[in-house]
Amino acid sequence: MADGSDTDIYGDLCIAQTRHLHALSCGGTSTDRSVTRVSFSATPGAPESAAGQPPSRRGRVLIPAIITLVVLLILLVLFTQFDTDLMWFRSIDKTSVYSTQIVMRLVLCVVFGLLMALAIGSSMWVAFKKRPMLRIRNAEQLSLERYRSSLEPIRKPLLFLVPAVIGVLAGISAGSAWRLWAMWRNQVPFGSTDQQFGRDIGFYVFTYPFLRFVLGFLFAMVLLSLLAAVIVHYVYGGIRLQPPAPRVSSAAQVQLSVLLGIFCLLKAASYWLDRYGLTLKSEDFLQGFTGLKYRDINALLPAKGILAAIAIICAILFFVNVFRRSWMVAATGLGLLVLSALVIGGIYPAIVQQFTVRPSEQIKEQQSIQHNIDATRQAYNLNGIKVKDYVASGTVDQKVLATQQGTLNDIRIVDPSVVSPTFAALQQNRSFYGFPDTLDVDRYKLTDGIQGAVVAVRELNLSALASDQRNWANLHVVYTHGYGFVAAADNKKESNGNPVFFEGGIPPTGPLKIDQPRVYFGQNSPSYSIVGAPEGAAPQELDYPDDNAPNKQQNNTYTGTGGVPVGSLFNQLLFGIKFQDPNIVLSDSVNSSSRILWDRDPAVIVSKAAPWLRLDSDPYPVVVDGRIKWIVDGYTTSNNYPYSSRVELDSATSDSTVSANGQARQLGGKRDDINYMRNTVKAVVDAYDGTVNLYEWDANDPILKTWEKTFPGVVQPRSEMPASILAHVKYPEDMFKVQRTVFSRYHVTDPAAFYGGQDFWEIPNDPTKKDQNALQPPYYLSLQMPDQKTPQFSLTTAFSPVGRQTLASFMSVVSDPGDPYGSFEVLQLPRNTTIPGPQQVQNNFESNPDIASELSLLRRGGSEVDLGNLLSLPIGGGMLYVEPVYVRAATGGYPLLQKIMVGFGENTAMRDTLPEALNAVGVKVSGGS
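Just so we're clear, the structure is a prediction, and the values are computed from it rather than from any experiment.

**Re the overall build of the protein chain**
Here comes step 1: Assigned secondary structure in the protein chain consists of 29 helices and 36 strands.
Here comes step 2: Across the 929 residues that make up the protein chain, the buried fraction comes to 52%.
Here comes step 3: Long-range pairs, those at least 24 residues apart, make up 70% of the contacts in the protein chain between residues at least 6 apart in sequence.
Here comes step 4: Surface accessibility of the protein chain: about 41100 Å² in total, with carbon and sulfur atoms responsible for 57%.

**Quick notes on the sheet that holds strand E18 (residues 595–598)**
Strand pairs in the sheet, formed through backbone hydrogen bonds, run parallel or antiparallel to each other.
Here comes step 1: Pairing in this open sheet of three strands is antiparallel, and the strands run E14-E18-E17 from one edge to the other. At either margin of the open sheet sits one strand with a lone partner, and together these are strand E14 (528–531) and strand E17 (564–565).
Here comes step 2: Looking at chain direction, E14 and E18 are connected through four bridges and run antiparallel. Its bridge partner being in E18, Ile530 is matched across the sheet by Ile596.

**Some remarks on helix H27 (residues 838–847)**
Here comes step 1: All of the buried residues in H27 are Pro838, Val841, Gln842 and Phe845. When H27 is viewed along its axis, its buried side chains cluster within an angular range of 100 degrees and face the same direction.

**A look at the packing of helix H8 (residues 201–235) against helix H9 (residues 250–277)**
Between two packed helices, the angle of one axis relative to the other and the distance separating the axes together describe the packing.
Here comes step 1: Orientation of H8 relative to H9, taken along the N-to-C sense of each, is 160 degrees, at an axis distance of 10 Å. For the element pair H8 / H9, the angle class is roughly antiparallel. Classified by chirality, the crossing of H9 by H8 is left-handed.
Here comes step 2: Here the residues of the contact of H8 with H9 are counted per class, giving 23 nonpolar, five polar and three charged.

**Examining the confidence of the model for the protein chain**
Low-confidence regions, as indicated by low pLDDT, have predicted coordinates that should not be scrutinised in detail.
Here comes step 1: Across the protein chain, pLDDT averages 88, with 90% of residues at or above 70.
Here comes step 2: Within the model, pLDDT remains below 50 along residues 1–52, and this stretch shows 43 contacts once partners closer than five positions in the same chain are excluded.
Here comes step 3: Across residues 661–669, confidence stays below pLDDT 50; counting only partners more than four residues off in sequence or on other chains, it has 21 contacts.

**Observations concerning a nonpolar patch on the surface**
Here comes step 1: Where nonpolar side chains cluster on the molecular surface, the patch consists of Leu62, Ile63, Ile66, Ile67, Val70, Val71, Leu72, Ile74, Leu75 and Leu78 and spans about 940 Å² of accessible area.
Here comes step 2: Following the sequence through the fold, Leu62 ends up in helix H3 (residues 57–91).
Here comes step 3: Under the relative-accessibility criterion, Leu62 is labelled partly exposed at 46%.

**Quick word on the environment of His481**
Here comes step 1: Structurally, His481 is set in the loop between helix H17 (472–478) and strand E10 (482–483).
Here comes step 2: Between the C-alpha atom of His481 and that of Arg458, which follows or precedes it by 23 residues, the distance is 9.4 Å.
Here comes step 3: In this structure His481 touches Tyr433, Leu460, Arg518, Val519, Tyr520, Glu541, Leu542, Asp543 and Asn556, once residues within four positions along its chain are discounted.
Here comes step 4: Of note is the side chain of His481, whose polar atom sits 3.3 Å from the side chain of Tyr520.
Here comes step 5: Here Leu542 takes part through its backbone oxygen, which lies 3.4 Å from a polar atom of the side chain of His481.

How each quantity is defined
- Residues numbered from 1 in each chain as written.
- Predicted model: local features only at pLDDT ≥ 70, side-chain atom pairs only at ≥ 80, totals over all residues.
- Heavy atoms only, no water.
- Helix = DSSP H or I, 4+ residues; strand = E, 2+ residues; numbered from the N terminus.
- Buried < 20%, exposed > 50% of the residue type's maximum accessible area, 1.4 Å probe, protein only.
- Contact = heavy atoms within 4.5 Å.
- Areas by Shrake-Rupley, 256 points an atom, 1.4 Å probe, with all protein chains shown as cover.
- Pairing = 2+ DSSP bridges.
- Arc of directions from axis to C-beta.
- Axes fitted to C-alpha atoms, helices over the stretch in contact; angles between N-to-C directions.
- Parallel < 35°, antiparallel > 145°, perpendicular 65-115°, else oblique.
- Left-handed = near helix turned anticlockwise from the far one by under 90°.
- Nonpolar A, V, L, I, M, F, W, Y, C, P; charged D, E, K, R; others polar.
- pLDDT = per-residue confidence, 0-100.
- Patch = residues over 30% accessible without salt bridge, like charges linked within 9 Å, V, L, I, M, F, W, Y side chains within 5 Å.
- Salt bridge = Lys/Arg side-chain N within 4 Å of Asp/Glu carboxyl O.
- Polar contact = N/O pair within 3.5 Å; in protein donor to acceptor, adjacent residues only side chain to side chain.

Next up, the structure:
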């Protein structure tokens, strides 16, 4: 028609399409196979739009140039990251750790990326290859023909580019799962089985997570392939949605049926794997019960098997649909699967729970509860804990007390969470030095015996520099390291309340004989420092202030092996890019002998050297063989131990002195739940050169063995740990906190009593921090338990009954290395005990008229009172409580230990010294503090 009606347009398009298909059937060239472009201009003879003009020569050159430049920049950044990381690992002699990770990531990236790209590419290619001959009869096909025409010039690049991009993304995602693959590939059996299926625990810890990952990847691959096929079939007419009726071509039906059949097979595998996943399922029952309950065993477990069978039947129906070419039967099977999942997998278990389990839940769930108790105690290593009855008395048994004088003389009265400002005031020396908010507790062998100590490293505090001092040279070349180690006796004080330091000063003086006091690798080191200089050059690094020196300070030149050489222009460029700092290239302070130090926190060093470990939140410094070193406890954990209840690490390991944020920093960021934990590695980091050594501590742990197979030679045998390091090993706090959290419930081993929950304990809040509502931390003490002959360095905690403030029990674990190390003992008080717990004792202190009056006097005249840690000790047949009292000026003061409060039974007293306070409550002590 002359008016340009749709009839003529349809006719022209049909002719064009017919020519196109004829060219295809005759094996024409690629030009012949293209779809003829049809002009839809409303006015005959109208000029072609600007959009139809070929791009200018400048555009053809500029766009590829920009793309090339972006690609080169990305490659440069990736190379910089790779090369600098490689040099860092080489500096700590752990290159194999980095290279092994890279190889595993690349293998997974390539294999899974290619698999994804080939699957999607094949799906798109088949859908295009089998496109039908079109007769355009409606507006839908007319619109699609325009898309087909516009896509034709870029069809081949798209067929390659889309699968490649998705494949790269899938490969990168798969590469991040290298831990799952390594654990599956190198797994070591646990040697024990789960209670339901009789499979080795290693299947759940190593195999199950990897199978879940693979299954999830295959689901994604099939669904994306299905989506790609649907899109291509729709664009090229294999799937038509508009009237007269939706239609699917034979080729599209075959391809979609195969893909849907594979999806159903994967769903069947998922249902079957879900059966094992039920042993890991947690729900709101008995405060987070984990494992199969009665309902799961008798309803949900069979349901999963039935659903797996139905899914296989659905897959068969879809495969049959390839030949029958009818969607009705396959769709009916799919609907049956959905309905069965709702009824068999959801409604039926709910009915069993409501009408069979709930009326007699305690009886029905008894076996499941027992399984949960047994698995949880095994997973957290609680089976070796000895629980003994302790009939504590409110009056002192002098005969028992006579055997415990060693404990009385060694009671720690210095609180490491309070005296940091005191250390700073007396040992800081300059404002650019500092100490952590909470100090560490250790012990040292001196000439007069083992001395408990509160210790700290004097580290840099660059935030204290004045604004005019915060230039690049000062921050990265001059202020490069901390200096020295400070230690004070934990059971003594000066007459004015100061700590009794036996190691300190600049340069350091004391019996520890520190030959190398410089701390280049510490918890508060700068982001990066440039150290070292040619022989004979003037030192640039501030060592320590010295009023006797001409320039009032002593400088130093780093001569250690830590860090990476940065003298060459190439390395300077690399690190300038890494830290986005041109001064590394431009500064004259960088010389041919310079080395760059970064990633210097001992926790960061260990987390990179052993990326499979979780780390304790409190690396602590020690002095051994004249050098300062850091000891970091490493844990192997899992969230897939069958039937074991989970612990939320944030809440379990935080208390009144350690926040959850601080924990996350030390443990490498993410803090998720676990249901298995072992302290398997003791790591030692040299504070001067950053050297890291990893020593086996629990060589029987299957997870550690698995990682030792993955990274052979990285962890050294326990026998190679030097005796000087072994003397300072402690039972780690985070491990103890998790164990005490679990044991507060799982000391109950009878299923009926566990179900009732009447005998559960709780960790009391810290009564000295009333405004924090945080748990009381565990305390390191020199302690002699009732059945021990001599005091031992131990980690301790108290428990109260749930909802009460009396004392329920007292737990200690031996922290001295040797045969008794790690042995737990719990003193369980009678359920009707009247022995006060920590909160009641604190109330007794502050309600005592004499004590209250003295505290009021201490708070007068612009002074403030800080209450130290409330220690609990089983002494003299009862429980002794000791709490130091610190006084400080409200403005600019630091805490001084002025008084000590003591409680035994209902008796309380506050005196200037510990012996005086003990004698006041009837606890006679020989010696003094």
